[in-house]
Amino acid sequence: MYKIKTVSELQSVLKQVQNQGKQIGFVPTMGALHEGHLSLVKQAKDECDYVVVSVFVNPNQFNDPKDLEKYPRDIDRDSELLSTVHCDLLFAPGIEDIYPEEDTRKFEFGALETVMEGRYRPGHFNGVAQVVSRLFDYCNPDKAYFGLKDFQQVAIIQDMAEQLNCTVEIIACPIIREDDGLAMSSRNVRLTQEQRKNAPVIAKTLFDSCNFVSKMSVEELRNHVMHEINLTDEFKVEYFEIVDGKTLQGVDNWEDCNYIVGCIAVFVGEVRLIDNVIYKKR
Ligand code: PAF
């Protein structure tokens with residue numbers, strides 16, 4: 001596996017790869033890799049000839065400086081894990097490589113960004129779009145892989161790719177969970193033993209709530225989920241929205257559209273976890 005830090009080295013290697021007619025798959029990450037990331041790499045390996053993974057903790061997408069500071073970092077471990085899944089190239093740039101000067105671009109995502117993560121983390125998606133658009137420019141991939149745990153991020157990146165006329169195909173991949181149901185996240189390592197023990201309540205409540213779709217109104221089900229999770233010590237739901245899976249706008253009735261998703265953000269002590277469940281997809 002190549003390990004590359006600078007954009008110029010990256011581009012010279014990828015030029016040769018493209019000249020050989022190989023399809024490039026790209027998995028952008030912020031490191032602290034887990035099985036969820038590795039599943040993206042495996043899918044990329046299955047579908048493409050050459051797989052690039054970037055590891056860059058992007059300061060522009062953190063609205064909370066404490067969250068940025070505490071974001072777990074371990075590039076040696078990441079590199080070892082990537083070798084196990086036969087990643088071809090690890091791109092681990094420094095801040096000066098990605099942002100040689102300040103990125104002042106302002107993206108417009110309309111209603112997609114005024115809800116959920118966009119509402120509670122102002123500027124977050126602008127920062128995501130800034131870094132992902134740069135990484136797409138540098139890697140020029142055929143396909144890029146994103147996990148559906150970040151449901152809204154996938155919608156934003158699809159929109160960004162359309163706005164910028166990127167030729168890259170955005171591949172949305174399923175959430176990978178621990179055996180007890182907890183959605184895999186780099187933030188899970190920050191949970192205390194007690195918090196980790198209780199954390200599966202989020203997924204369990206979401207999964208159980210699927211059985212209530214025919215019995216409760218949208219509003220009742222929403223209140224029920226929030227109430228159940230808030231009962232757990234140190235758990236505080238920041239939002240739970242039941243939305244149209246395409247527009248991300250809240251729905252009032254189960255009949256409102258054909259694709260309905262419940263998206264949640266929960267503070268577990270100081271650690272913020274997100275997850276989602278599909279209620280309806282036709
Ligand atoms: O999902 C993430 O890890 C990040 O938001 C991404 C897409 C790598 C951009 O920094």
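Residues numbered from 1 in each chain as written. Predicted model: local features only at pLDDT ≥ 70, side-chain atom pairs only at ≥ 80, totals over all residues. Heavy atoms only, no water.

Some thoughts on the sheet that holds strand β1 (residues 2-4)
For step 1, the next point in the chain: With respect to topology, 6 strands assemble into an open sheet ordered β1-β4-β3-β2-β5-β6, the strand pairing being parallel. Edge strands, defined here as strands with exactly one partner in the open sheet, are β1 and β6 (169-173). Each strand of the sheet is rotated relative to its neighbour by a mean of 25°, with strand direction disregarded.
For step 2, the next point in the chain: Pairing between strand β2 (residues 24-29) and strand β5 (residues 143-147): 2 bridges, direction parallel. Bridge pairing in β5 places Gly25 opposite Lys143.
For step 3, the next point in the chain: Relative to the sheet, helix α2 (residues 35-47) contacts β2, β3 (50-55), β5 and β6, its axis offset from that of β5 by approximately 155°. (Pairing = 2+ DSSP bridges. Helix = DSSP H or I, 4+ residues; strand = E, 2+ residues; numbered from the N terminus. Axes fitted to C-alpha atoms, helices over the stretch in contact; angles between N-to-C directions. Contact = heavy atoms within 4.5 Å.)

Section: the nonpolar core
For step 1, the next point in the chain: Core analysis: the biggest nonpolar cluster contains 48 residues, and Leu10, Leu14, Val52, Leu89, Phe91 and Phe136 have the highest contact counts within it.
For step 2, the next point in the chain: Examining the composition of this core, we find that 9 residues originate from one element, helix α7 (residues 124-139), more than from any other.
For step 3, the next point in the chain: Those residues in contact with Val52 that sit more than four places away from it in its chain are Leu10, Leu14, Ile24, Gly25, Phe26, Val27, Leu89, Phe91 and Cys139. (Core = buried A, V, L, I, M, F, W, Y, C linked by side-chain atoms within 4.5 Å. Buried < 20%, exposed > 50% of the residue type's maximum accessible area, 1.4 Å probe, protein only.)

Some points on the site of the ligand
For step 1, the next point in the chain: The immediate surroundings of the ligand are formed by Pro28, Thr29, Met30, Gln61, Val131, Val132, Phe146 and Gln153.
For step 2, the next point in the chain: Contacts to the ligand include Gln61, whose side-chain N or O atom sits 2.6 Å from an oxygen atom.
For step 3, the next point in the chain: One of the side-chain N or O atoms of Gln153 is found 2.7 Å from an oxygen atom in the ligand.
For step 4, the next point in the chain: In isolation the ligand exposes 280 Å². Once the protein is present, 89% of that is buried. (Near = heavy atom within 4 Å. Polar contact = N/O pair within 3.5 Å; in protein donor to acceptor, adjacent residues only side chain to side chain. Areas by Shrake-Rupley, 256 points an atom, 1.4 Å probe, with all protein chains shown as cover.)

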